[in-house]
Amino acid sequence: MYVLFILVLIAAGAALLARGLMARRRSLVAAGALFLAGTVALLGFLSFWGEYLWFAELGYTARFWKEVLARLLSALAAAALGGLVVFLLTLPARSRGARRLPPVLGAALGAVWGFAGWELILRFLERVPTDARDPILGRSTSFYLFSLPFHDALYFLLWCLALIALGGAVRDAEYTTARQAAGEPVPAGAARFRALFLSLGALALVVAWGRWLAAYHLLYSPWGVVVGPGWTDVHVRLPATRIVAAVAALVGLALFLPPVQRALVRRTGAEQRSHRRAVLGLAALPALLVAGPWILGLLVLPALVQWLKVVPNELALERPYLAHSIAFTRAGFRLHDVEATEFPVSDRLTAETLANNQDLVAEVRLWDPRALDAVLHQFQAIRLYYDMPGVDIDRYTAGGRYRQVMLAPRELSAENLPSEHQTFVNRHFKYTHGYGVAMASAHDFTNDGQPNLLIKDIPPVSAFPELEIERPEIYYGETTHGYVVVNSREPEFDHPSGAENVYTRYAGTGGIQIDGFFRKLLFGWKLGGTKLLVSGIPTDESRIMFRREIRERVGAVAPFLALDRDPYVVVAGGRLYWILDAYTTSSYYPYSESFFSAEDTGVDMADEPGGRAGLTYHLRRANYVRNAVKAVVDAFDGSVRLYVFEPEDPIVQVYSRIFPGLLLPREEMPAELRAHVRYPEDFLLAQGLVYAKYHMTDPEVFYNQEDLWVRATEKYYEQVQPLEPYHVMWRPPGEGRPEFTLILPFTPKNRQVLIGWLAGLSDGENYGRLLAYRFPKDTRVLGTQQMDTKIDQDPVLSAQLSLWSQRGQRVIRGNALVIPIEDTLLYVEPIFLQADTAAYPELRVVVVMHGDRMSYASSLDAALRGLVEGGPPPAPATAGLPGVPEAEDAVSGLAERANESFGSYLRLLGERRFQEAAVELELLSRTLEELAGPVALPGER
């Protein structure tokens, strides 16, 4: 209906306009144009007002109006500038078209530029000073972060305006030539080309300014071995750039002088030529005057100097510039704050060491996120319409113990409903929210290889009072796409309870009240179409929720922040919250190398399996990154709060000035939420990939790439891939309690032994500390890939894994973890088994290593005992394994029972008897567990 209504309005306006044109009646033309403009204005107003109501719901009306006014004023100011510049340049034109149309085009271009560039303008106006200065031109980093981007944008605008004016001047020359051919009187001499000279002069001045700005862009020069200006840039390109700028400025100013104009007309014979040849002739000499120094000074001479002088003496000449590049790249990625030291790896790991660090050993993560994700989907998704979009790793104090946990939210996905039930009412009025989370200990598992759940089921059942959830509803989440309407006439599904469903009414303040016909009309146009407009289900008490996906929601509030790929859910104060890391970034930091090229990192990103280079895609091309902001979104009411965690960052300071009150100080974040902020994985990965090259601070070592690092690799899910940052509980030197720490190990390039690692701390006052540990060069430290190789080469364990693989079970290798304990390193790798007929894996083997010693057992404690006590491994046990003769009868009976349960499950599912199908599915799961059986392991080694 909306489309039909719009078409009717457009058709009516077009008919009036056409009739007026045909009848040459200005009143009808004006009425038609007004009708069309009113239609566009009405549609724009509906979208505009819907946005205002959304920001008002969040309490950010000041933020909304600041952007609106900034866009409006920027557009008006730039339109006035564009129109005035072109008007003045084309003022001498004789042609009416050359005088009228170009200024209009200039004003339109300026309006578009100002409307789109409002943020760039405000950053320039609200810029803050910084202490750091570039070592070549002496400008502060503030100039590069805030002023230079604005100057570049303004240069582009002026270049386009000069071209528009030049186009008008060429059109005027054509008009004058035509008049002259017709025998009409026209101005003689240079007066005939006055508009052309003004436009060419203005264009030359714009070129001069562009070349002056190019001097600052040498700070990002990719020429030679230095990122930023090297010897040739400083001694050849920089002077040549300024000479070209001066020549272009002199040419531009000369073109404004009447004597110069007359001389050019005489020497080119422009007055006797056609307009095209006259224009080319008049432009040729000024262009050649600028092009000559440009080609010689910026292309030919630098290449010769680089080839003949720099390359033969490269290290000696480039040494100071390499030092500049190293220092500024490290500062751009906050690596200048890294606390680097040597880690004295000991070859001793005793039972006493383990006993003294039981609080660390008890929190070693044995559950792999992928494996746990499959298990939770199988047993905690509960219903088809629930989805658990990934597992997050966090820490909680519960039961008097500081625990590393893994949790997944239970979000509602209407797309998982049977297609015939994905109706308008179900998707937007009935199924409106997810419900609760599942939380598992990262370390513990049951006797049958399942996770120890600390929060489970619907309604949520918590193992400890600290983890109780009083408000489990998830209206805003990672996968909550589309809008919903709450408090309508349709009962709102809350959660299943046995064979029945529990219904509810929304008791929060999230969403926008849609009282009255106008708001239904507005949100029908913006979101729901005719169905929402004509539906009788909403009432005046109903509230519409949209933009519910976390990244989309935060991105709309703060589009100036680069957002992390993965928000994580937090249980705090009986409610559910989302925390999302946000970054301030720039590609204008001087002398700093951009992130994420093969040259940046020493790693060929094209070789990253599974497209893992996309992990930090939001930081691509940045040469300055700060994890300056933590966004918190309430899963129940959708409120958004932005907390500043790096107040010294100049970019976040500027946005705090642009939007007062939007960015809150870190201290205002509730303590129960602040306890769950984490060093971001993406940030540590970005820093690590840069640090792999830029830990070399000696220019000579850096030049020769003598100590290039790459990420350690592991055999993960049967594929060799680079290690991703992982969390451990670790006691840093000088700290009394374990810290929740993010670690990324490295190896030398083309080798598999460990060379060092980065660690980002997350707890308390230590939050944000970045530690770098390097292992002694005379000590061989086992790499994670070498650990996997030793597992593959162990005759007993590899034979056991091969046997399992041949008996209808898939062997899954989990993350290989390197865990620092005091002055030594413990290696842990869990191994999971998944039957071909099962949808989830079970944790069956834990492999531990220290130095060249390896042990494995069905639990970490048993494996560690074998590691410290030693002794030969017993023969592998086979009881309970499919294919062993004494187990064949039992296995056959279990397989038959599993087959019957599976058939019943499919039949009940087809009959839509979902509750009974769930019972059969649970029976099938238990049978499959029995079929897998408690596998007897080879014992400790």
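Values in this document were obtained by computation on a predicted structure and should not be read as measured data.

Novice: Hey, could you run me through the packing of aromatic side chains in this one?
Specialist: Two descriptors summarise a pair of aromatic rings, namely the distance from one centre to the other and the angle between the planes of the rings. Overall, the coordinates contain 47 aromatic pairs when judged by the stated rule. Centroid distance Y385 to Y386: 5.0 Å. Interplanar angle 65°. Geometry classified as edge-to-face. Taken as a pair, Y385 and Y386 share a single burial class, namely buried. One aromatic cluster is present, formed by F45, F48, W49, Y52, W54, F55, F64, W65 and F518 through successive ring pairs. One residue, R139, lies across the ring of F143, its end atom 4.0 Å from the ring centre.

Novice: What is the right way to look at the environment of T584 in this model?
Specialist: Structurally, T584 is set in strand β18 (residues 575-586). Judged by relative accessible area, T584 falls into the buried class, the value being 1%. For the pair T584 and R626, spaced 42 residues apart in the sequence, the C-alpha separation amounts to 5.3 Å. Looking at T584, its side chain comes within polar contact range of the side chain of D649, at 2.7 Å.

Novice: How do you make sense of the sheet that holds strand β11 (residues 484-486) when you look at a structure like this?
Specialist: Two orientations exist for strands paired in a sheet by backbone hydrogen bonds: parallel and antiparallel. Spatial strand order, β11-β15-β14: three strands in an open sheet with antiparallel pairing. The sheet is open, and its two edges are formed by β11 and β14 (512-513), each paired on a single side. As judged from the three bridges shared by β11 and strand β15 (residues 543-545), these two strands associate in the antiparallel manner. Bridge pairing in β15 places V484 opposite M545.

Novice: How do you make sense of the environment of L137 when you look at a structure like this?
Specialist: Secondary-structure assignment places L137 in the loop between α5 (118-125) and α6 (141-181). C-alpha separation for the pair L137 and A215, spaced 78 residues apart in sequence, amounts to 8.7 Å. Contact partners of L137, with chain neighbours within four places excluded, come to Y144, A215, Y216, L219, L238 and R242.

Novice: Mind showing me how you'd approach the sheet that holds strand β3 (residues 392-398) here?
Specialist: Reading across from one edge, β3-β4-β7-β8-β9 is the order of the five strands in this open sheet, with antiparallel pairing throughout. Of all the strands in the sheet, just β3 and β9 (461-462) have a single pairing partner and so form its edges. Summarising the sheet, β3 and strand β4 (residues 401-409) pair through seven bridges and their orientation is antiparallel. Residue pairing across strands places D394 opposite V405, the latter belonging to β4.

Novice: Help me understand the nonpolar core in this model?
Specialist: As a rule of thumb, soluble globular proteins bury nonpolar side chains together. Among the nonpolar cores identified, the biggest contains 146 residues, and M439, F523, V554, V571 and L642 are the most heavily contacted of them. When residues of this core are assigned to their parent elements, the largest contribution, nine residues, is made by helix α21 (residues 681-694). Ignoring any residue separated from it by four or fewer positions in sequence, one finds L642 in contact with V554, V557, A558, V629, K630, A631, L662, L663 and L664. Counting residues in each nonpolar core, the second largest holds 74 residues, with M406, A442, V781 and Y856 among its members.

Novice: Teacher, can you tell me more about unusual backbone geometry here?
Specialist: Leaving glycine aside, a negative phi is the common case for residues, and trans is the common case for peptide bonds. Residues I458 and P459 are joined by a peptide bond in cis, for which omega reads -10°. Tracing the backbone shows P459 in the loop between β8 (451-456) and β9. Backbone geometry at N487 places phi at a positive 60°, although glycine is not the residue there. Residue position: N487 is located in the loop between β11 and β12 (492-497). Overall, the relative accessible area of 11% leaves N487 in the buried class.

Novice: What's the story with the pairing of β4 in this structure? I'm lost.
Specialist: Consecutive side chains of a regular strand alternate in pointing toward one face of the sheet and then the other. In terms of burial, β4 is largely enclosed, as seven of its nine residues are buried. Hairpin remark: β3 followed by β4, antiparallel, with two residues in the connecting loop; positive phi at G399, about 65°. With five bridges joining them, β4 and strand β7 (residues 437-445) adopt antiparallel strand pairing. What sits directly across from M406, in β7, is A440.

Novice: Quick question: what am I supposed to make of helix α14 (residues 369-379) here?
Specialist: One turn of an α-helix holds 3.6 residues; hence residues three or four places apart share an orientation. Buried residues of α14: A371, L372, V375 and L376, and no others. An end-on view of α14 places all buried positions within 130° of arc, on one side of the element. Residues of α14 that are buried make contact with β4, β7, β8 and β31 (824-835). Among the residues of α14, the N-terminal cap falls to D368, whose side-chain oxygen and the backbone nitrogen of R370 are separated by 3.0 Å.

Novice: Sorry if this is basic, but what is going on with the packing of helix α23 (residues 784-793) against helix α24 (residues 795-806) here?
Specialist: Think of two packed helices as two axes; the pair is described by the angle between the axes and how far apart they sit. One can describe the packing of α23 onto α24 by two numbers: an axis separation of 5 Å at closest approach and a directional angle of 80°. When the interaxial angle is binned, α23 and α24 end up roughly perpendicular. When α23 is examined against α24, the residues I791, D792 and Q793 are found in contact with a partner set consisting of P795, L797, S798 and L801. Classifying every residue of the contact of α23 with α24 by side-chain character gives four nonpolar, two polar and one charged.

Novice: Even after reading the chapter, I still don't get helix α4 (residues 96-116), so can you show me in this structure?
Specialist: With 21 residues, α4 should reach 30 Å at 1.5 Å per residue; the first-to-last C-alpha distance of 31 Å fits that figure. Of the positions making up α4, those classed as buried are A98, P102, P103, G106, G110, W113 and G114. Buried residues of α4, seen end-on, are gathered within an arc of 105° and therefore sit on one face of the element. Facing away from the buried side of α4, by more than 90 degrees, are the exposed residues R96, R100, L101, V104, V112 and A116.

Novice: Is there a simple way to think about the packing of helix α2 (residues 26-58) against helix α17 (residues 550-557) in this case?
Specialist: It is at 11 Å that the axes of α2 and α17 come closest, and there the two elements cross at 100°. Judged by the angle between their axes, α2 and α17 are roughly perpendicular. Counted together, W54, F55, E57 and L58 of α2 and R553, A556 and V557 of α17 form the full contact between these two elements. Among the residues forming the contact of α2 with α17, the class breakdown is five nonpolar, no polar and two charged.

Novice: Sorry, what's going on with the side chain of E842 here?
Specialist: Its place among the elements puts E842 in strand β32 (residues 842-850). In this structure E842 comes out as buried when scored by relative accessible area, which is 6%. Side-chain polar atoms of E842 contact the side chain of R844, separated by 2.6 Å.

Novice: What exactly am I supposed to notice about the pattern of salt bridges here?
Specialist: Pairing is possible between side chains of opposite charge, provided their charged atoms come close. Evaluated as defined, the whole model comprises 32 salt bridges. Taking the shortest distance from any N to any O, the salt bridge between D581 and K630 comes out at 2.3 Å. You can see D581 sitting in strand β18 and its partner K630 sitting in strand β19 (residues 624-634), a full 49 residues away along the chain. Residue K630 is classed as buried on the basis of its relative accessible area of 0%.

Conventions we followed
Residues numbered from 1 in each chain as written. Predicted model: local features only at pLDDT ≥ 70, side-chain atom pairs only at ≥ 80, totals over all residues. Heavy atoms only, no water. Phe/Tyr/Trp six-rings, centres within 6.5 Å; stacked < 30°, edge-to-face > 60°. Buried < 20%, exposed > 50% of the residue type's maximum accessible area, 1.4 Å probe, protein only. Lys NZ or Arg CZ within 6 Å of the ring centre and 35° of its normal. Helix = DSSP H or I, 4+ residues; strand = E, 2+ residues; numbered from the N terminus. Polar contact = N/O pair within 3.5 Å; in protein donor to acceptor, adjacent residues only side chain to side chain. Pairing = 2+ DSSP bridges. Contact = heavy atoms within 4.5 Å. Core = buried A, V, L, I, M, F, W, Y, C linked by side-chain atoms within 4.5 Å. Arc of directions from axis to C-beta. Axes fitted to C-alpha atoms, helices over the stretch in contact; angles between N-to-C directions. Parallel < 35°, antiparallel > 145°, perpendicular 65-115°, else oblique. Nonpolar A, V, L, I, M, F, W, Y, C, P; charged D, E, K, R; others polar. Expected span 1.5 Å × (residues − 1). Salt bridge = Lys/Arg side-chain N within 4 Å of Asp/Glu carboxyl O.

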